[in-house]
Amino acid sequence: MTKLISSKIGDEWIADLSKIKQLKAYANGSNNKDFHARWQAAKTTNKRKLAELVKEECGVDFPLDSMFDVQVKRIHEYKRQLLNVLHIIHLYNRIRRGDTADWTNRCVLIGGKAAPGYFMAKRTIKLINNVAEIINSDPEVGNKLKLAFLPNYRVSSMELIAPATDLSEQISTAGKEASGTGNMKFMMNGALTIGTYDGANIEMLDAVGVDNFFLFGLKVDEVEQMKTHYDPQSMIAADEDLKAVFHLLESGHFNIEEPGIFNQIIAAMKDPHDPWMTVADFRSYIEAQQHAASAYRDRQHWTRMSITNTACSGFFSTDRTMQDYNNDIWKLNPMDLG
Ligand SMILES: *Cc1c(COP(=O)(O)O)cnc(C)c1O
């Protein structure tokens, strides 16, 4: 993809990332058919490399024409890997009830380390692995949905992951993520973001525009307001899809031989004092995911949004950040290095 970008705008963008905005001129597909085809081909090549890693590490097949939907980051309740799992179980329920008109095949990859003593984080990893086992071995699911948990997520795996991702999951509870940096790596590599109004997602949204970003969920002030009367159990009762997801979880469908192991996770999500308000954003998240899935089926539209994301990522350069710090705070004079 680097070579492809340089073939259009030269290679100065590599040392001066502000120049990557020149790529915007090539985002329109009707005038740039060849460039769009090569953009898609580069993405597919990168997806093949990630699929090889996933096969090796997880034993799961990721078909290359599926949407690659990725959440990699430390496992923490505020980063809401659990919200992602609720969506995956919802998709699984849709397949089971035959609700698959206009379906977009999806491969979900989740990765991240948990601190050794962080019980809920470790148990979240266990849940992801158990749900993956059930989904991937169900012949009725087939290529419609795949799920893999990648062990030992680290920088060298991110080097393969970010270039191969179609949809980047940035779904923290608003107010909890200071910035995030994974979000920027994905954007630069032409992934679309599904995300809450939190951390650097806010600046990314500003840079790329709301038409090129799948925004959902409560904003910081709405989270604060809801705290006084948050009632997840009524929300579950009032939403047929969410009710079905909890019913499946509580029935032990994903832990037949390990009774009760997800009780603490289920209880945490149903607790009115859940600080992460996982359940509150479920409906909004499902709708944003549905938008992403339909958008992915229009390949020309998706490619235009993908190129636009890369073209608008220049603001997230460390050099620009340092320059701003110097202008506003340090006010140091540049040194002549001779
Ligand atoms: C970028 C990166 C992170 C930080 O990810 P966030 O989504 O910002 O939390 C953590 N670990 C690795 C290996 C990374 O590459």
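Above this note sits the structure.
Cut-offs applied
As a convention, each chain's residues are numbered from 1 in the sequence order in which they are written. Side-chain atom pairs in this predicted model are given and counted only at pLDDT of 80 or more, local residue features only at pLDDT of at least 70, and totals for whole chains, interfaces and linings cover all residues. Computation of side-chain values covers all heavy atoms of the structure but excludes hydrogens and water. Whether a residue is near a molecule or strand depends on its heavy atoms: it is near if one of them lies within 4 Å of it. Under this definition, polar contacts are N or O atom pairs within 3.5 Å; protein pairs additionally need one hydrogen-donor-capable and one acceptor-capable atom, and for neighbouring residues in sequence, both atoms have to be side-chain atoms. Strands are runs of DSSP state E lasting at least two residues, helices are runs of H or I lasting at least four, and both sets are numbered from the N terminus onward. For patch detection, residues must exceed 30% relative accessible area and be free of salt bridges, and they are connected within 9 Å for like charges or within 5 Å for nonpolar side chains (Val, Leu, Ile, Met, Phe, Trp, Tyr). The Shrake-Rupley method, run with a 1.4 Å probe, gives the accessible areas here. Residue values count only the displayed protein chains as cover. Each reported salt bridge corresponds to a side-chain nitrogen of Lys or Arg within 4 Å of a carboxyl oxygen of Asp or Glu. Charge convention: Lys and Arg are scored as positive, Asp and Glu as negative, and His as well as the terminal groups of each chain are ignored. Charge positions are represented by NZ for Lys, CZ for Arg, CG for Asp and CD for Glu. Note on exposure labels: buried denotes an accessible area under 20% of the residue type's maximum, exposed denotes more than 50%, and partly exposed covers the range between, all computed with a 1.4 Å probe on protein chains only. A pair of strands is considered paired only if DSSP assigns at least 2 bridges between the two. By convention, orient the strands away from the viewer: a clockwise path from the first strand over the helix to the second makes the crossover right-handed. Here, nonpolar core refers to any group of buried Ala, Val, Leu, Ile, Met, Phe, Trp, Tyr and Cys residues whose side-chain atoms link them within 4.5 Å. Throughout, a residue-residue contact means that at least one pair of heavy atoms, one from each residue, lies within 4.5 Å. An axis is simply a line fitted to the C-alpha atoms; with a helix, the fit covers only the stretch in contact. Between two such axes, the angle follows the N-to-C directions and lies from 0 to 180 degrees. Working definition: a ring pair exists when centres of Phe, Tyr or Trp rings (six-membered ring for Trp) sit within 6.5 Å. Plane angles under 30 degrees give stacked, over 60 give edge-to-face, the rest tilted. Both a distance and an angle decide whether a charge sits over a ring: NZ of Lys or CZ of Arg must be within 6 Å of the ring centre and within 35 degrees of the ring normal.

**Looking at the site of the ligand**
All residues adjacent to the ligand are Val72, Lys73, Lys79, Tyr153, Arg154, Val155, Met158, Gly180, Thr181, Gly182 and Lys185. Side-chain polar atom of Tyr153 to an oxygen atom of the ligand: 3.3 Å apart, as the coordinates give it. Those elements that provide at least two residues to the shell around the ligand are helix 5 (155-164) and helix 6 (182-188).

**Some remarks on a positive patch on the surface**
A contiguous patch of positive charge on the surface is contributed by Arg74, Lys113, Lys122 and Arg154. Topologically, Lys122 is positioned in helix 4 (residues 119-136).

**Details of the pairing of strand 3 (residues 145-150)**
The element strand 3 is extensively covered by neighbouring structure, given that 6 of its 6 residues are classed as buried. The two faces of strand 3 match: Leu145, Leu147 and Phe149 on one face and Lys146, Ala148 and Leu150 on the other face are all buried. Relative to strand 3, strand 2 (residues 106-111) runs parallel, the two being bridged by 6 bridges. Paired with Leu109 across the strands is Ala148, a residue of strand 3. Read from strand 2 through helix 4 to strand 3, the crossover connection turns out right-handed.

**Concerning the nonpolar core**
Ranked by internal contacts, the top residues of the largest apolar core, which has 48 residues, are Val131 and Leu145. Elements that contribute at least two residues to this core include exactly helix 3 (81-96), strand 2, helix 4, strand 3, helix 8 (220-227), helix 10 (240-250), helix 11 (263-270) and helix 12 (282-297). The contact partners of Leu145, leaving out residues within four places of it in the chain, are Ile88, Leu91, Tyr92, Ile95, Arg106, Val108, Ile135 and Asn136. In terms of nonpolar packing, the next biggest core, distinct from the first, is built from 20 residues, Phe62, Cys107, Tyr153 and Ala191 among them.

**Quick word on the sheet that holds strand 6 (residues 214-215)**
Judged by pairing direction, the sheet is parallel, and its 6 strands sit side by side in the order 3-2-1-4-5-6 without closing on themselves. Each of the sheet's edge strands pairs with one partner strand only, and the pair in question is strand 3 and strand 6. Most of the contacts of helix 3 go to strand 2, to which it runs at about 155 degrees, and overall it touches strand 1 (67-72), strand 2, strand 3 and strand 4 (167-170).

**Notes on the packing of aromatic side chains**
Counted under the stated rule, the structure contains 9 aromatic pairs. A centroid spacing of 4.9 Å and a plane angle of 40 degrees characterise the contact between Phe216 and Tyr285, whose relative ring orientation is tilted. Highlighted residues: Phe216 in the loop between strand 6 and helix 8 and Tyr285 in helix 12, separated in sequence by 69 residues. Residue Phe216 shares its accessibility class with Tyr285, and that shared class is buried. Here the aromatic cluster, defined as three or more aromatic residues joined through ring pairs, consists of Tyr26, Phe35 and Trp39. A cation sits over an aromatic face here: Lys47 above Phe68, 4.6 Å from the ring centre. The ring centre of Phe315 lies 3.6 Å from the NZ or CZ of Arg320, which sits over that ring.

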